[in-house]
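Topology and contacts: notes
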Amino acid sequence: RGRGRDRDRDRGRDRGRGRDRGRDRGRGRDRGRGRDRGRGRGRDRGRGRDRGRGWSLDQGLVMKVVIVAGGQGVGKTAVLLHLLRHAQKAGLKAGVFKIDALDAGDELVFIQAGFAAKGHSAKDVCPDHEAMVSLGRAWDWAEDLDLDLLCIETAGLCHRCSPFLKRALAICVVSGLAHLGTPESMRPIVEASDLIVLTKTSLISPTERHIFTAKLRAIQPQGRVFTVDGLTGEGVGDLAAMVLDSRDIRFMDIEPLRVTLPMGYCHFCQGIGSGHER
């Protein structure tokens, strides 16, 4: 009988120890679950911070983005055509998203040369303003074609704003046949550009070209001025080297502008009857 009582006591002790071990295991599991929950909350908080900063969580394509701006008839299309040929020789797949005031079909020039191009009409809104509104369309179009270089060409009307992004390469095209006071009247675009292209200089004297270049450098001392012949492509090699050396970017949900658009008081940007008055 004494031995039986001892055995019962030992069994009771073993059962109690087993219960304690089970409780400890359950507590360990709960602690592990709590840690995992904390880690998950931390991840969600990190994602929330990224969304607040405007970074896109989608893994989109990375490509070079160049915005080319200037007045009507200054030679932007001709310069871009030679620029795309240099990019093609370097092994890049390039395309042009062209924004103009009217649907003139100028994108056919690029298509006939073998490059991807898409035209977009700004209608009664300033093309520079429409370019900023249509950036999402341009990026989606470039992603669908898997481009390495996206060139956005826009032709402004009043030159009171600059359609340039902070992270994209900005090129301003100015005609040498314009008045010597043109660089000053185009100050918002010239001042915010990285590269300045002076075209049609073969039709002016060397003195006029020197004065024009000096005025452009006075407005934008940090920008480089290139003299390019749109007919022959002379001088576009150095410009193409700068474009090919530019960094690749992935578009964010919110892309910051270099200069705030004058929306609200500029009649070209408002576009009467287009819904952009606000």
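Details of the structure are given in the entry above.
A brief structural summary. Model, not experiment: these values are computed from the prediction.

Rules used in this analysis
Numbering of residues starts from 1 in each chain and follows the order in which that chain's sequence is written. For this predicted model, a pLDDT threshold of at least 70 governs which residues receive local features, and a threshold of 80 or more governs which side-chain atom pairs are given and counted, while totals over whole chains, interfaces and linings are taken from all residues. Values reported for side chains reflect all heavy atoms of the structure, with hydrogen atoms and water molecules removed beforehand. Helix and strand definitions follow DSSP, with helices as H or I runs of at least four residues and strands as E runs of at least two, each counted in order from the N terminus. Each residue is assigned to one of three classes by its accessible area relative to the maximum for its type, calculated with a 1.4 Å probe on protein chains only: buried under 20%, partly exposed between the two thresholds, exposed over 50%. In what follows, a contact means two residues having at least one pair of non-hydrogen atoms within 4.5 Å. Accessible areas in this description were obtained via Shrake-Rupley with a 1.4 Å probe; residue shielding takes into account the shown protein chains only. Each nonpolar core is a collection of buried residues, namely Ala, Val, Leu, Ile, Met, Phe, Trp, Tyr and Cys, held together in the definition by side-chain atoms within 4.5 Å. Any Phe, Tyr or Trp ring, taking Trp's six-membered ring, that has another such ring centre within 6.5 Å forms a pair; planes under 30 degrees apart are called stacked, those over 60 apart edge-to-face, and the others tilted. Salt bridge criterion: a side-chain nitrogen from Lys or Arg within 4 Å of a carboxyl oxygen from Asp or Glu. Regarding the arc, it is the one traced by the directions from the helix axis to the C-beta atoms. Any two strands with at least two DSSP bridges between them are considered paired. Each axis is a line fitted through C-alpha atoms, taken for helices only over the stretch in contact, and angles between the N-to-C directions span 0 to 180 degrees.

Details of the overall build of the chain
- Check the secondary structure of the chain and you find ten helices and seven strands.
- Expressed as a percentage of its 278 residues, the buried residues of the chain come to 41%.
- A sequence separation of at least 24 residues applies to 76% of the contacts in the chain between residues at least 6 apart.
- Carbon and sulfur atoms make up 46% of the accessible area of the chain, which amounts to about 16,300 Å² in all.

Some remarks on the nonpolar core
- Core analysis: the biggest nonpolar cluster contains 35 residues, and L150, I152 and L216 have the highest contact counts within it.
- Looking at which element gives the most residues to this core, the answer is helix 5 (residues 135-145), with five residues.
- Ignoring any residue separated from it by four or fewer positions in sequence, one finds L216 in contact with V174, P183, V190, I196, L198 and V225.
- Membership of the second largest hydrophobic core comes to 27 residues, among which are V68, L149, C151 and L169.

Some words on the packing of aromatic side chains
- Using the criterion set out here, one finds two aromatic pairs in the structure.
- For the ring pair W139 and F251, a centre distance of 4.1 Å and an interplane angle of 10 degrees mean the geometry is stacked. Of the two residues, W139 is situated in helix 5 and F251 in the loop between helix 9 (236-244) and helix 10 (267-270); the sequence distance between them amounts to 112 residues. For the pair shown, W139 and F251 are each scored as buried.

Here's the deal with the pattern of salt bridges
- Counted according to the given criterion, the structure contains six salt bridges.
- One salt bridge in this structure joins D248 and K64, with 3.0 Å as the shortest N-O distance. Taken together, the residues span a long stretch of sequence, with D248 in the loop between helix 9 and helix 10 and K64 in strand 1 (residues 64-70) at a distance of 184 residues.
- With a closest N to O distance of 2.5 Å, R167 and E255 form a salt bridge. Taken together, the positions of R167 in the loop between strand 4 (149-155) and strand 5 (169-175) and E255 in the loop between helix 9 and helix 10 put the pair 88 residues apart, joining distant regions of the chain.
- Looking at E255, the relative accessible area reads 14%, which means it is buried.
- A single salt-bridge network, built from bridges that share partners, covers E184, R187 and E191.

A look at the side chain of D100
- Counting through the fold element by element, D100 comes out in strand 2 (residues 94-100).
- Contacts of D100, omitting those with residues within four sequence positions, involve Q72, D106, H120, S121, A122, K123, P127 and A155.

Focus on unusual backbone geometry
- Of note, D146 is a non-glycine position whose phi angle comes to about 55 degrees, a positive value.
- Tracing the backbone through its elements, the reader meets D146 in the loop between helix 5 and strand 4.
- In this model, K200 sits at a positive phi of 60 degrees, which is unusual for a non-glycine residue.
- For K200, the location among the structural elements is in the loop between strand 6 (195-199) and helix 8 (206-219).

A closer look at helix 5
- Burial in helix 5 covers these residues: L135, A138, W139, W141 and A142. Around the axis of helix 5, the buried residues are gathered within 160 degrees of arc, so they sit on the same side. In helix 5, the exposed positions angled more than 90 degrees off the buried face are occupied by R137 and D144.
- Where helix 5 is buried, its residues contact strand 1, strand 2, strand 3 (116-121), helix 4 (127-133) and strand 4.
- One or two positions beyond helix 5, positive phi appears at D146, with a value near 55 degrees.

With respect to the sheet that holds strand 6
- Spatially, 3-2-4-1-5-6-7 is the arrangement adopted by the seven strands of the open sheet, whose pairing is parallel. Looking along the sheet, the strands with just one partner apiece sit at the ends: strand 3 and strand 7 (224-228). Across this sheet, the average inter-strand angle for adjacent strands is 20 degrees, counted without regard to direction.
- With seven bridges joining them, strand 1 and strand 4 adopt parallel strand pairing.

Purely geometric stuff here, so don't read any function into it on its own.
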